[in-house]
Amino acid sequence: MILLIKIELLKIFRKWRTYIGFFAIGVLVIIIQTALYFTGEGYIKSLTRGFQESFIMVGNLFNGYLVANLVLNGLVIHIPFLIVLVGGDLLASEATAGTYRMLLTRPVSRLKVVSAKFIAGIIYVFLLIVWLAILSLGVSCLLFGTGELISFSGKLIIFSRDDVLWRFAGAYGFSILSMTTVFALSYFFSSLVENAIGPIVATMAVIIIFLILSAIPIDFLKDLSPYFFTTHMVHWASFFNDPVDYKEIIESAIVLFGHILALYCITAYLFIKKDILS
Amino acid sequence: MGGNMKKIIWICFLISYIISAQTKDPLKVINGVIEKFEKIRDYEVDVNIKIDFSMVKIPEMNAKYYFKQPDKVKIDSKGFAMLPKQSVNFSPAQYLRGDYTAIYVKSENENNRTYDVIKIIPNNDSSDVILSTLWIDQIQKVVKKVETTGKRSGTVNIEIEYENEKSILPKLVKFTFNAGNNSATPEANKNKEEPKEERPNFRRNAQMSGKVFVTYSNYKINKGIPDSFFEEKNNLPQK
Amino acid sequence: MSDQIIEVRGLTKKFKNIIAVNNLDLNVYRGDVFGFLGPNGAGKSTTIRMLLSLIKPTSGSIKIFGKSLKENREEILRKVGAIVEKPDFYLYLTAYKNLEILGKLSGADTSKNKIMEMLDIVGLSKRANSKVKTYSHGMKQRLGLAQALLHDPELIILDEPSTGLDPQGMKEIRELILYLSKTKNKTIFLSSHILREVELIASRMIIINKGSAQIEGTVEELLNKDKLTVTFELDKIDEAKLIIENSVWKEKLVTSSNRELSFELIHNEIPELNRFFIEKGFSVNSIIPVRSLEDFFLKITESNGK
């Protein structure tokens, strides 16, 4: 199994399209950091405008933690597309290339093959989010220093500097779970077709549809929205509330994990039963 | 003119004499506090700030600040700190800047202490402060309470506690902010020449209701802080 | 150890309403070069995919090495090497890397020496580090053979192995197959449309059409079941025509030309007719059996189509 996972990782990382995600994040983070370098103080002022009449403020609220938080807020909605570029390709590309005939005539079970690909995909998701964390948090802290984190989510919250890192760890960790759900969906679609474009488009379509339906203020749709995985994906932001609603986070984590497990099981079942005609 | 008229005049004179004897000179009262405060040439103190606003969550902050007469202030903090502007200078002289009218309102008793209540009204329309009311301890000659109403900042109540009767500098100051009262003053909203983002904002002002507790400890008074110390770059108060 | 390597009974595959393979039986024995023949759409690829568990049969059984494929898939495939239709590889990887990956999955020795040795056998050692996307079709075919042989399988299933190869390449494949069969005692299951290739190297064969077996046996047996078209190249061709017209051989004459006469004969009639011409004073320059397995194959499939 380890051998299979290593082989799948080799195949993923030898394809140029895998690096689109890393490159895109690299470019975007640098652009955001550059923009904030010039306008970050103004952003802080706009957040704290209500206090400026009555308060003196000292210290550096514009720091690496703020930049990382803004990057996370800005990018997390767009990262799914970078995930599905790889997820949608994992199975479909074997069909397109005809390599199923080589791969599935080896003395390894189809369950192991589909599982190894799934695990390799999750590793890719993990590495992409780690890359995001390194660039957005690590590099930002090097460039802008650390300090208190100011956040506005319903109310203005300032976290003391030693109360920040674990929140980012939780947020990135939850983001990995969210993005793994996206990956699992694209992986499932990838098992159904023989062309990677279909799963990529289908997954993004599902995400967009769920997001739109969740936003429409109709009672019926609001009742449905807890069943959309997109509703739960956003709870990485709950780590930046005070107090943190752990119940909400755990419930969402369970929902997302359930989606991942269900999608994996369905994909594995279909893959094992599939006639390889390509 | 008969004797009745003379009686009326004497009665009026007597009444006005009694009244004038009970109305103090507000400036004299305030200057009594200023004189006492001016015995302190400089000081440094550790402060702890707790903010309790409904729409705001900020952890306890610590800072150190330095004061030198007449109005040099420096604030040092390892991290972020947010202090009410009124927490840095306790001299009532700050309320007497520019052109103003001071009115002695009354003498008030509270908790077995008697306070002189004085209102200060800036005569300049460009001043942000509309009205300040000071409660000054008659015996201790320190400011015990201040209520300030500003065009943008709303009303701030400041309650000051001292270590003992001889203390000039506070040990605890409680600020109560209430922005709702004045957030929609016609004067403020009429100033259309201000950039839009500078105009008072209803939503932002909702954040400004709450309390701030500032605790002062480890005073080091009259240690001779040089002027150059206040010219250093670090930690000048943000505007 | 059983001599029967592949045993298929009642193998059927239906795709919705289409019966691709219909109740097929076949037997392959150890050391066979087994020819698997049929026209396009006969069900050859479907059968091969079922043998390799790429497709699940609708009904029937497959035993390889005496064991059920359904229950012992991994154990069986460890001893099977295969090319299924056009060999496809990971185009973004080098030939070396492709072989290394596929070899590791098969449990092969994937040391550098072994892989390079295999690439050398198929004539690709100089292009080992080139990405497969730069390979021609023929080169991919060779690489396909390399991946099928790398783990030293007992059974080798080859689906059109000579496709895309030049005559020299085809010759080399034939020689390799014969070497594997006779020297290494490998069993070869060979599907091909190049019937002359099958005729030259197969020991046993089956012809299928429309998913069903038409005939199965040794090549020799199958050829003897039918008549040959034999062409005699003679001098004095006009005289020869006249003599044949007046002889018992008249009914056997099929075609004639300026230099040749063609007859439909059974095997033992060939020397008899040859003696006839010689006794009549003709010089027989050559005797060429024109009808071969190709004609046999076409006849079988056409007759079934009627």
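Residues numbered from 1 in each chain as written. Chains lettered and ligands numbered in written order. Predicted model: local features only at pLDDT ≥ 70, side-chain atom pairs only at ≥ 80, totals over all residues.

J.: Explain the overall build of chain C to me, please; I cannot follow it from the model alone.
T.: Counting its secondary structure elements, chain C contains 11 helices and 14 strands. Burial analysis of chain C (306 residues in total) assigns 41% to the buried set. (Helix = DSSP H or I, 4+ residues; strand = E, 2+ residues; numbered from the N terminus. Buried ≥ 20, exposed ≤ 12 C-beta atoms within 10 Å, placed from the backbone.)

J.: I keep staring at the overall build of chain B and nothing clicks. Help me out?
T.: Helix and strand counts for chain B stand at 4 helices and 12 strands. Counting all 239 residues of chain B, 27% fall into the buried class.

J.: Before we go on, may I ask you to explain the interface of chain A and chain B in this structure?
T.: Where the parts come together, the accessible area they lose is often given as the size of the interface. Contact with chain A, which involves 23 residues of that partner, is made by 29 residues of chain B. Counting only elements with at least two residues in the side of chain A that touches chain B, the list comes to α3 (49-52), β1 (55-58) and β3 (155-159) of chain A. Among the residues forming the side of chain A that touches chain B, the class breakdown is 9 nonpolar, 7 polar and 7 charged. Note that β3 of chain A and strand β2 (residues 56-57) of chain B share 2 bridges and pair parallel. Its bridge partner being in β2 of chain B, I157 of chain A is matched across the sheet by K57 of chain B. (Contact = placed C-beta atoms within 7 Å. Nonpolar A, V, L, I, M, F, W, Y, C, P; charged D, E, K, R; others polar. Pairing = 2+ DSSP bridges.)

J.: Before we go on, may I ask you to explain the sheet that holds strand β4 (residues 59-64) of chain C in this structure?
T.: The pairing of strands in a sheet happens through backbone hydrogen bonds and is either parallel or antiparallel. All names here are of chain C. In space, the 4 strands of this open sheet follow the order β2-β1-β4-β5, with antiparallel pairing throughout. In the strand order of this sheet, the two ends are held by β2 (18-29) and β5 (67-68), each with one partner. Across 2 bridges, the pairing between β4 and β5 is antiparallel. Among the inter-strand pairings, K63 is bridged to a residue of β5, identified as S68. Docked against the sheet, helix α1 (residues 44-51) engages β1 (4-15), β2 and β4, running at close to 120° with respect to β1. (Axes fitted to C-alpha atoms, helices over the stretch in contact; angles between N-to-C directions.)

J.: What should I look at first to understand the sheet that holds strand β9 (residues 204-209) of chain C in this one?
T.: Residues and elements named next belong to chain C. Taken in spatial order, the 6 strands of this open sheet run β6-β7-β8-β3-β9-β10, and their pairing is mixed. The sheet terminates laterally at β6 (80-83) and β10 (212-218), the two strands that pair on one side only. Strand-to-strand twist across the sheet, computed as the mean angle between neighbouring axes with direction ignored, equals 15°. The pairing of β6 with strand β7 (residues 155-159) spans 4 bridges and is parallel. Bridge pairing in β7 places I83 opposite L158. Sheet strands touched by α1: β3 (33-37), β7, β8 (187-191) and β9. Its angle to β7, the strand with the most contacts, is close to 150°. Here helix α6 (residues 167-182) sits on the sheet in contact with β3, β7 and β8, set at roughly 145° to β8.

J.: Can you help me understand unusual backbone geometry in this one?
T.: Generally, phi is negative for residues other than glycine and the peptide bonds are trans, each holding for most cases. Here the amide bond leading from D242 of chain A into P243 of chain A is cis, since omega sits at 5°, within 30 degrees of zero. Within the secondary structure, P243 of chain A is located in the loop between α12 (229-233) and α13 (246-273). A cis amide bond links Q69 of chain B with the next residue in sequence, P70 of chain B, at an omega value of 0°. Within the fold, P70 of chain B resides in the loop between β3 (61-68) and β4 (72-76).

J.: So what exactly am I meant to see when it comes to the environment of I206 of chain C here?
T.: Residues and elements named next belong to chain C. Note that I206 resides in strand β9. For I206, a count of 24 C-beta atoms within 10 Å gives the class buried. When the C-alpha atoms of I206 and M139 are compared, they prove to be 29 Å apart, with 67 residues separating the residues in sequence. Not counting the four nearest positions on each side in its chain, I206 is found in contact with L26, F36, L37, A213 and E216.

J.: How should the confidence of the model for chain B be read in this particular structure?
T.: It should be kept in mind that the predicted coordinates are not to be read in detail where pLDDT is low. Residues and elements named next belong to chain B. The predicted model of chain B has a mean per-residue pLDDT of 77, with 75% of residues at 70 or higher. Highest mean pLDDT in chain B belongs to strand β12 (residues 210-221) (92); lowest belongs to helix α3 (residues 186-190) (41). Note that residues 181-206 has pLDDT below 50 and, in this model, 26 contacts with residues that lie over four places away or in other chains. (pLDDT = per-residue confidence, 0-100.)

J.: I would appreciate a short explanation of the interface of chain A and chain C in the present structure.
T.: If you look at the interface, chain A gives 18 residues, while chain C gives 24 residues. For the side of chain A that touches chain C, the secondary structure elements donating two or more residues are α1 (2-13) and α7 (100-103) of chain A. At 3 residues, α1 of chain A tops the list of elements feeding residues into the side of chain A that touches chain C. Among the residues making up the side of chain A that touches chain C, the classes are represented as 8 nonpolar, 4 polar and 6 charged.

J.: Hey, could you run me through the nonpolar core in this one?
T.: Most often, soluble globular proteins keep nonpolar side chains buried together rather than apart. In terms of nonpolar packing, the biggest core is built from 188 residues, with M82 of chain B together with A146, I157, F189 and L190 of chain C touching the most fellow members. Setting aside chain neighbours within four positions, we find L190 of chain C in contact with V33, F34, G35, F36, L158, I177, V198 and A202 of chain C. Formed by 9 residues, the second largest nonpolar core is a distinct cluster that contains F232, A240, I244 and L273 of chain C. (Core = buried A, V, L, I, M, F, W, Y, C linked by C-beta atoms within 7 Å.)

J.: So what exactly am I meant to see when it comes to the packing of helix α9 (residues 165-192) of chain A against helix α10 (residues 197-215) of chain A here?
T.: Helix-helix packing is characterised by the crossing angle of the two axes and by the distance between the axes. Residues and elements named next belong to chain A. Running from N to C, α9 and α10 cross one another at 135°; their axes reach a closest spacing of 8 Å. Accordingly, the angle class assigned to the pair α9 and α10 is oblique. You can see that α9 and α10 cross each other, and the crossing is right-handed. In this structure, α9 contributes V182, L185, S186, F189 and S190 to the contact, and α10 contributes G198, P199, I200, A202, T203, V206 and I207. For the contact of α9 with α10, the class distribution of residues is 8 nonpolar, 4 polar and no charged. (Parallel < 35°, antiparallel > 145°, perpendicular 65-115°, else oblique. Left-handed = near helix turned anticlockwise from the far one by under 90°.)

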